[in-house]
Amino acid sequence: MNSEYIYFTADKSAPYSDAVEAGGMLYLSGLVSENPVTREELYGDITFETRTVLNNLAAFLQQLGSDIDHVVRVEILLKNWADKAAMNEEYVKHFKADHMPARVCYGGVDIAGDCKIEIMVIAAKK
């Protein structure tokens, strides 16, 4: 099986790919709340950070020939488990109610900088 290793910026110094395409599937590394151009982390409450991550995710998937409706699995890391309910309120706004991906969510996790959430996904190509 051929795999394509994808980087969202020219800087390839990180020890991982931003995404890998293999077998018609996209495997995206964890995304935190950041400006997608400058990669500057953007901090706010859990609703803001969740919305920012999922909006960026939708844009990245579009660039890679997929979309949010083709996400089949989501992994969520939360710095504070108490943020789960507020995160879920924002999260469900980004997916169709009858088309929720399989998901796992972990809490009490140290995340880059002062980020409150990190999200990884697997999506099918269109």
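Just above, that's the structure.
In short, a report on the structure. (Residues numbered from 1 in each chain as written. Predicted model: local features only at pLDDT ≥ 70, side-chain atom pairs only at ≥ 80, totals over all residues. Heavy atoms only, no water.)

Mapped onto the elements of the fold, Ser-13 is located in the loop between strand E1 (3–6) and strand E2 (19–22). On the basis of relative accessible area, Ser-13 is assigned to the exposed category, the value being 60%. Each C-alpha atom of the pair Ser-13 and Met-87 lies 31 Å from the other, and the pair is 74 residues apart in sequence. (Helix = DSSP H or I, 4+ residues; strand = E, 2+ residues; numbered from the N terminus. Buried < 20%, exposed > 50% of the residue type's maximum accessible area, 1.4 Å probe, protein only.)

Helix length check: helix H1 (residues 46–63) (18 residues) gives 26 Å between terminal C-alpha atoms against 26 Å at 1.5 Å per residue, within 8%. Turning to H1, its buried residues are Ile-46, Glu-49, Thr-50, Thr-52, Val-53, Leu-54, Asn-56, Leu-57, Phe-60 and Leu-61. Where H1 is buried, its residues touch strand E3 (25–31), strand E4 (71–78), helix H2 (84–91) and strand E6 (117–124). At the C-terminal side of H1, Gly-65 shows a positive phi close to 85°. (Expected span 1.5 Å × (residues − 1). Contact = heavy atoms within 4.5 Å.)

With that settled, the discussion passes to the sheet that holds E3. The sheet built from six strands is open, its strands ordered E1-E2-E3-E6-E4-E5 with mixed pairing. One side of each edge strand has no neighbouring strand; the edge strands of this open sheet are E1 and strand E5 (102–106). Strand-to-strand, the axes of this sheet are offset by a mean angle of 10°, without reference to chain direction. Where E2 lies against E3, four bridges are found, and the strand directions are antiparallel. Bridge pairing links Glu-21 to Leu-26 in E3. Of the strands in this sheet, E3, E4 and E6 touch H1, which is tilted by about 30° from E6. (Pairing = 2+ DSSP bridges. Axes fitted to C-alpha atoms, helices over the stretch in contact; angles between N-to-C directions.)

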